[in-house]
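Descriptive structure summary
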Amino acid sequence: QVQLVESGGGLVQAGGSLRLSCAASGRTFSSYGMGWFRQAPGKEREFVASISWSGGSTHYADSVKGRFTISRDNAKNTVYLQMNSLKPEDTAVYYCAGSYYSGSYLSDKSYGFWGQGTQVTVSS
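Residues numbered from 1 in each chain as written. Predicted model: local features only at pLDDT ≥ 70, side-chain atom pairs only at ≥ 80, totals over all residues. Heavy atoms only, no water.

Here we look at the sheet that holds strand S3 (residues 18-24)
Rules: A pair of strands is labelled paired if DSSP reports no fewer than 2 bridges between them. Numbered from the N terminus, helices here are DSSP runs of H or I no shorter than four residues, and strands are runs of E no shorter than two. For helices, the axis comes from a line fit to the C-alpha atoms of the stretch in contact; other axes are also lines fit to C-alpha atoms, and the angle between any two N-to-C directions lies between 0 and 180 degrees.
Pairing is antiparallel in the open sheet, where 4 strands are placed in the order S1-S3-S8-S7. The sheet is open, and its two edges are formed by strand S1 (4-7) and strand S7 (68-73), each paired on a single side. Direction aside, neighbouring strands of the sheet carry axes that sit 15° apart on average. Both S1 and S3 contribute to a ladder of 4 bridges, which runs antiparallel. Each bridged residue has a counterpart across the sheet, and for Leu-4 the counterpart in S3 is Ala-24.

Pasting the structure below:
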């Protein structure tokens, strides 16, 4: 059973930056595609970014493209989400997700295990 633990959330002013981390247990982390999703109050969960097992393929939601960067360090079993130029509309609980497949996937149906989430709040 793979466990994911997110960290790095918090309160930041608009225009600021945060880096989220997602640490995974298990020896096969390097073979998993990974993703970040978010859910704002009263809204459905939405895709943010994804990365393939090697980091060679990434995808971003249009709303974060050019501001957020997903990366991974397979030696540390960790995936990151660098968030710059944050906006109040980025406020949400951010979830890390892992797929048993190795690609970069946009649909939450492609992911089989999830972290508990970390709150990001951007003040105006």
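Some remarks on the nonpolar core
As a rule of thumb, nonpolar side chains are buried together in soluble globular proteins. Put simply, the rule reads: As used in this record, nonpolar core signifies buried Ala, Val, Leu, Ile, Met, Phe, Trp, Tyr and Cys residues forming a set joined through side-chain atoms within 4.5 Å. Think of it in three bands: residues with accessible area under 20% of the maximum for their type are buried, residues over 50% are exposed, and the middle band is partly exposed, with areas taken using a 1.4 Å probe on protein chains only.
Formed by 34 residues in total, the largest nonpolar core has its most connected members in Met-34, Trp-36, Val-79, Leu-81, Met-83 and Tyr-94. Secondary structure elements with two or more residues in this core: S3, strand S4 (33-39), strand S5 (46-51), S7, strand S8 (78-83), strand S9 (92-99) and strand S11 (118-123).

Details of the pattern of salt bridges
The condition that has to hold: Any carboxyl oxygen of Asp or Glu within 4 Å of a side-chain nitrogen of Lys or Arg constitutes a salt bridge here.
One pass over the structure, following the stated rule, counts 5 salt bridges. We note a salt bridge from Asp-108 to Arg-45, for which the minimum N-O separation is 3.2 Å. Of the two residues, Asp-108 is situated in the loop between S9 and strand S10 (113-114) and Arg-45 in the loop between S4 and S5; the sequence distance between them amounts to 63 residues. Relative accessible area serves as the criterion here: at 26%, Asp-108 is assigned to the partly exposed category. By relative accessible area, which is 36% here, Arg-45 ends up partly exposed. Close ionic contact of Asp-90 with Arg-67 constitutes a salt bridge, the shortest N to O distance being 2.7 Å. With Asp-90 in the loop between S8 and S9 and Arg-67 in the loop between strand S6 (58-60) and S7, this residue pair connects regions lying 23 residues apart in the sequence. Taking relative accessible area as the criterion, Asp-90 reaches 1% and is therefore assigned buried.

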